[in-house]
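Notes for the structure review
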Amino acid sequence: MRIRIIGGGVAGLTCALLFAKMGFEIDIFERLTQAGKGCSWYAGGMLAPWCEVESAEPLIAKWGQESLTFWKAEFSGTQSFGSIVVAPSRDTAELKRFARRTENFEWLEADKIAELEPDLEGRFMAALYFQEEAHLDPRTTLENLTQRLTLEYDTKFHYNAEISEAEFSDPAWDWTIDCRGFSAQASFKNLRGVKGEMLVLKSSEIHLKRPIRFLHPRFPVYIIPRNDNMFMVGATMIENSERTRITARSIMELLNAAYAVHPAFGEAEIIEMGCDLRPSFPDNLPRIKRIENKFAKGHVLHVNGLYRHGFLLAPALAKRVVDVVLTNAYFKEIMDEA
Amino acid sequence: MSDALKLYDAELSSRLMLGTSLYPSPAIMADAILKSKAGVVTVSLRREAGNSRAGQSFWSLVKGLNTHVLPNTAGCHSVKEAVTTAQMARDVFETNWIKLEVIGNQDTLQPDVFGLCEAAEILCRDGFDVFPYTTEDLSVAEKLLRCGCKILMPWGAPIGSGRGLNNTFGLRSMRAHFPDVPLIIDAGLGVPSHAAAAMEMGYDAVLLNTAVAKAGDPVAMAQGFALAVEAGRLSYLADAMEPRDMAFPSTPVIGQPFGKDSFGA
């Protein structure tokens with residue numbers, strides 16, 4: 001069976017890997033010059049199924065845990081040190097609320113926080129520790145996946161390749177899996193973009209082992225340690241469909257949060273500012289839409305709406321994609337059009 | 001419908017107004033608004049607009065709720081920003097309604113009442129139906145009415161604080177001072193009893209966002225607020241009794257044995 005995947009972000013690459021492992025012949029078409037350069041590129045890479053449930057549906061926790069297992073098994077760069085949630089002292093109410101809305105964590109007092117993250121000593125009186133969570137660097141993860149697909153599975157990558165929807169039902173492939181994210185807006189009634197802005201800071205004065213989620217009454221900010229003294233700070237959530245244009249206010253807010261977590265971030269170098277759109281449906285849950293061709297080949301599957309949960313959901317979603325293609329499985333939570 | 005609330009050119013059967021931000025998802029937001037039968041929803045534009053009104057898909061979702069849309073100028077700190085945002089809102093939502101916020105203090109998000117009056121004057125002259133987010137200050141309120149506002153929206157407490165009615169004395173005197181002006185409590189409510197208290201006091205409506213959006217179950221909380229608003233309104237219309245210092249039994253007790261025996265023990 002020949003499968004064509006449109007879009008080489010985290011959704012496309014995880015689908016590709018699962019199909020490739022089953023021995024199918026895969027072509028990946030990517031509009032950019034490299035895989036994973038779309039909105040996956042700006043992801044935080046937190047594998048935090050328990051934290052996310054604070055504002056997400058229970059399905060996210062369930063599938064997120066599945067994906068967490070997948071990443072630990074498939075990507076050796078997955079860092080399994082848990083994650084920590086803190087709040088400034090005047091927003092302690094936010095921390096209590098977060099605790100009420102989530103599970104699978106322990107309360108930490110100041111001394112225990114310092115034990116886990118020595119650089120945070122004396123900065124917070126209380127924190128929540130989600131020990132089973134993990135994180136990864138989205139960029140190296142996607143590079144790794146691309147390499148594996150090419151070397152181990154002989155997957156063909158076609159870059160600068162934009163395929164119009166009219167060409168999707170091409171019978172040269174048994175199935176075309178559309179993983180274009182927000183670029184597929186026209187294929188759905190209700191797909192919207194939720195803008196996210198992020199930045200990368202570099203500081204050799206601060207060392208963190210795990211993501212720190214800093215609660216803010218309006219949006220959660222997280223700081224995720226990367227290699228080479230880098231930290232990703234993200235991300236805003238703005239209800240608009242602007243793919244570019246990072247605003248001063250957003251960066252000010254992100255920097256402010258980083259500075260509140262540790263004042264040494266004030267002297268950090270700004271390495272990068274980034275911005276893209278999270279493809280989202282009204283319930284912020286993903287969707288699979290199956291469009292069968294009247295012929296034996298040329299079927300199409302649209303996969304979209306991973307919202308802020310790209311890395312957290314993609315492997316679990318890819319597994320459902322495989323089931324839909326191979327066994328015509330039906331998943332009611334995500335298969336009725338939003 | 002006899003108890004309809006008249007706000008500018010509209011008659012509303014519900015006295016609950018809800019915000020549209022901070023919900024877990026637009027679907028939950030829509031459900032909360034539908035199930036609570038909120039009469040008005042307010043929506044922000046300042047940050048969502050971007051360069052080319054890129055907030056369109058979310059705004060269409062809000063328009064699709066079939067309730068009155070009250071665009072707001074949340075996030076505006078100057079008269080100019082607020083006026084520009086209001087003008088864009090009129091285009092986007094095809095309404096003259098504008099909830100005017102000019103924020104004075106980043107920490108408490110309290111209104112800058114000087115900027116508020118200035119912006120209100122400009123917008124009223126330009127044909128807007130202005131809903132000013134203000135404090136309980138009576139002289140500011142009078143100034144806003146002179147500028148052409150026909151509605152006042154004093155805060156209950158700082159935005160998002162959930163503290164309820166911080167200054168009941170001030171709010172009561174505002175109600176007494178402007179018996180014929182529609183008064184809406186805007187911001188600071190945390191639980192339905194706060195809304196009921198405002199309505200019992202004779203306020204015409206309440207507007208809130210965080211208390212519903214950040215509740216564990218926003219849909220249930222929105223319904224809770226709707227019931228409380230109705231309860232408080234009925235209490236106000238029913239002319240509640242005066243509290244007194246002494247007990248006042250509802251049945252006479254003189255001449256009745258009042259011991260154990262009378263309860264059949």
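Just so it is clear, the model here is predicted, and its values are computed rather than measured.

With that settled, consider the overall build of chain A. When helices and strands are tallied, chain A shows 9 helices and 16 strands. By principal-axis analysis of the C-alpha atoms, chain A measures approximately 65 × 35 × 35 Å. Counting only residues that meet the buried cut, chain A has 61% of its 338 residues in that class. Long-range pairs, those at least 24 residues apart, make up 76% of the contacts in chain A with a sequence separation of at least 6. A total accessible area of about 13800 Å² is found for chain A, and carbon and sulfur atoms account for 50% of it.

Secondary structure assignment for chain B yields 9 helices and 10 strands. In terms of overall dimensions, chain B has C-alpha extents of about 80 × 40 × 40 Å along its principal axes. Residue burial in chain B is summarised as follows: out of 265 residues, 52% are buried. Within chain B, contacts between residues at least 6 apart in sequence are counted, and of these 65% link residues at least 24 apart. As displayed, chain B has an accessible area near 12500 Å², and 53% of this comes from carbon and sulfur atoms. In chain B, the 22 positive side-chain charges and the 28 negative ones have mean positions that sit 3 Å from each other.

Residues and elements named next belong to chain B. Packing of helix 7 (residues 192-200) against helix 9 (residues 218-237) brings their axes to within 7 Å, and their N-to-C directions diverge by 25 degrees. It follows from the interaxial angle that helix 7 and helix 9 lie roughly parallel. By crossing handedness, the relation of helix 7 to helix 9 is classed as right-handed. Residues Pro192, Ala195, Ala196, Met199 and Glu200 of helix 7 lie in contact with helix 9, whose contacting residues are Met221, Gly224, Phe225, Ala228, Val229, Gly232, Arg233, Ser235 and Tyr236. Residue composition of the contact of helix 7 with helix 9, grouped by class: 9 nonpolar, 3 polar and 2 charged.

So, about the side chain of Arg192 of chain A. Summarising the element assignment, Arg192 of chain A is placed in strand 10 (residues 192-202). A distance of 3.2 Å separates a polar atom in the side chain of Arg192 of chain A from a polar atom in the side chain of Asn284 of chain A. Non-local contacts of Arg192 of chain A, meaning those with residues more than four positions away in its chain, are made with Phe182, Gln185, Glu239, Arg278, Pro279, Ser280, Phe281, Pro282 and Asn284 of chain A together with Pro26 and Ser57 of chain B.

When the pLDDT values of chain B are averaged, the result is 90; 94% of them are 70 or greater. Model confidence for the complex is summarised by a pTM of 0.86, with the ipTM given as 0.83.

For the rest of this paragraph, the subject is the pattern of salt bridges. Under the counting rule described, the total for this entry stands at 30 salt bridges over all chains. Glu52 of chain A is the salt-bridge partner of Arg213 of chain A, the closest N and O atoms lying 3.0 Å from each other. Placement of Arg213 of chain A in strand 11 (residues 212-214) and of Glu52 of chain A in helix 2 (residues 49-52) is noted, with a sequence separation of 161 residues between them. Residue classification places Arg213 of chain A among the buried residues on the basis of a relative accessible area of 4%. On the basis of relative accessible area, Glu52 of chain A is assigned to the buried category, the value being 6%. Taking the shortest distance from any N to any O, the salt bridge between Arg233 of chain B and Asp3 of chain B comes out at 2.7 Å. With Arg233 of chain B in helix 9 and Asp3 of chain B in the segment before strand 1 (5-7), the pair connects residues that are 230 residues apart, well separated along the chain. Of the residues examined, Arg233 of chain B reaches a relative accessible area of 10% and is grouped as buried. Overlapping salt bridges bring together Asp3, Arg15, Arg175, Asp204 and Arg233 of chain B as one network.

Residue and element names in this part refer to chain A. Summarising the element assignment, Cys179 is placed in the loop between strand 9 (175-178) and strand 10. Linking Cys179 and Gly8, residues 171 residues apart in sequence, is a C-alpha distance of 7.5 Å. Apart from the residues within four sequence positions on either side, Cys179 is in contact with Ile5, Ile6, Gly7, Ala11, Gly12, Cys15 and Val303.

All names here are of chain B. Taken as a whole, helix 7 has its buried residues at Pro192, His194, Ala195, Ala196, Ala198 and Met199. The inward-facing, buried residues of helix 7 contact strand 9 (184-186), strand 10 (205-208) and helix 9. Once helix 7 finishes, Gly202 follows within two positions and takes phi at roughly 100 degrees, a positive value.

Residue and element names in this part refer to chain A. Residues Trp175 and Ile177 point to one face of strand 9 and Thr176 and Asp178 to the other, with burial holding for every one of them. When strand 1 (residues 2-6) meets strand 9, the two strands line up parallel, connected through 4 bridges. Bridge assignment links Arg4 to a residue of strand 9, and that residue is Thr176. As paired elements, strand 9 and strand 16 (residues 299-304) share 4 bridges and run parallel to each other. Counterpart to Asp178 in the pairing with strand 16 is His302.

What follows concerns the environment of Arg46 of chain B. Residues and elements named next belong to chain B. Following the sequence through the fold, Arg46 ends up in the loop between strand 4 (40-44) and helix 2 (56-63). Under the relative-accessibility criterion, Arg46 is labelled partly exposed at 37%. For the pair Arg46 and Cys76, spaced 30 residues apart in sequence, the C-alpha to C-alpha distance is 7.0 Å. Here Arg46 is in contact with Ala74, Gly75, Cys76, Glu81 and Thr85, once residues within four sequence places are set aside.

Let us now look at the sheet that holds strand 11 of chain A. Residues and elements named next belong to chain A. Overall, mixed pairing links the 8 strands, which are arranged 5-6-4-11-12-13-10-14 in an open sheet. The two strands at the open ends of the sheet, each matched to only one other strand, are strand 5 (106-109) and strand 14 (269-280). The average angle at which neighbouring strand axes cross in this sheet is 25 degrees, direction not considered. As paired elements, strand 5 and strand 6 (residues 126-130) share 4 bridges and run antiparallel to each other. Across the sheet, residue Glu109 finds its bridge partner in strand 6, namely Ala126. Sitting on the sheet, helix 7 (residues 248-261) touches strand 10, strand 11, strand 12 (221-225), strand 13 (230-234) and strand 14, and the angle it makes with strand 10 is about 50 degrees.

Calculation criteria
Residues numbered from 1 in each chain as written. Chains lettered and ligands numbered in written order. Predicted model: local features only at pLDDT ≥ 70, side-chain atom pairs only at ≥ 80, totals over all residues. Heavy atoms only, no water. Helix = DSSP H or I, 4+ residues; strand = E, 2+ residues; numbered from the N terminus. Buried < 20%, exposed > 50% of the residue type's maximum accessible area, 1.4 Å probe, protein only. Contact = heavy atoms within 4.5 Å. Areas by Shrake-Rupley, 256 points an atom, 1.4 Å probe, with all protein chains shown as cover. Lys, Arg positive; Asp, Glu negative; His and termini not counted. Charge placed at Lys NZ, Arg CZ, Asp CG, Glu CD. Axes fitted to C-alpha atoms, helices over the stretch in contact; angles between N-to-C directions. Parallel < 35°, antiparallel > 145°, perpendicular 65-115°, else oblique. Left-handed = near helix turned anticlockwise from the far one by under 90°. Nonpolar A, V, L, I, M, F, W, Y, C, P; charged D, E, K, R; others polar. Polar contact = N/O pair within 3.5 Å; in protein donor to acceptor, adjacent residues only side chain to side chain. pLDDT = per-residue confidence, 0-100. Salt bridge = Lys/Arg side-chain N within 4 Å of Asp/Glu carboxyl O. Pairing = 2+ DSSP bridges.

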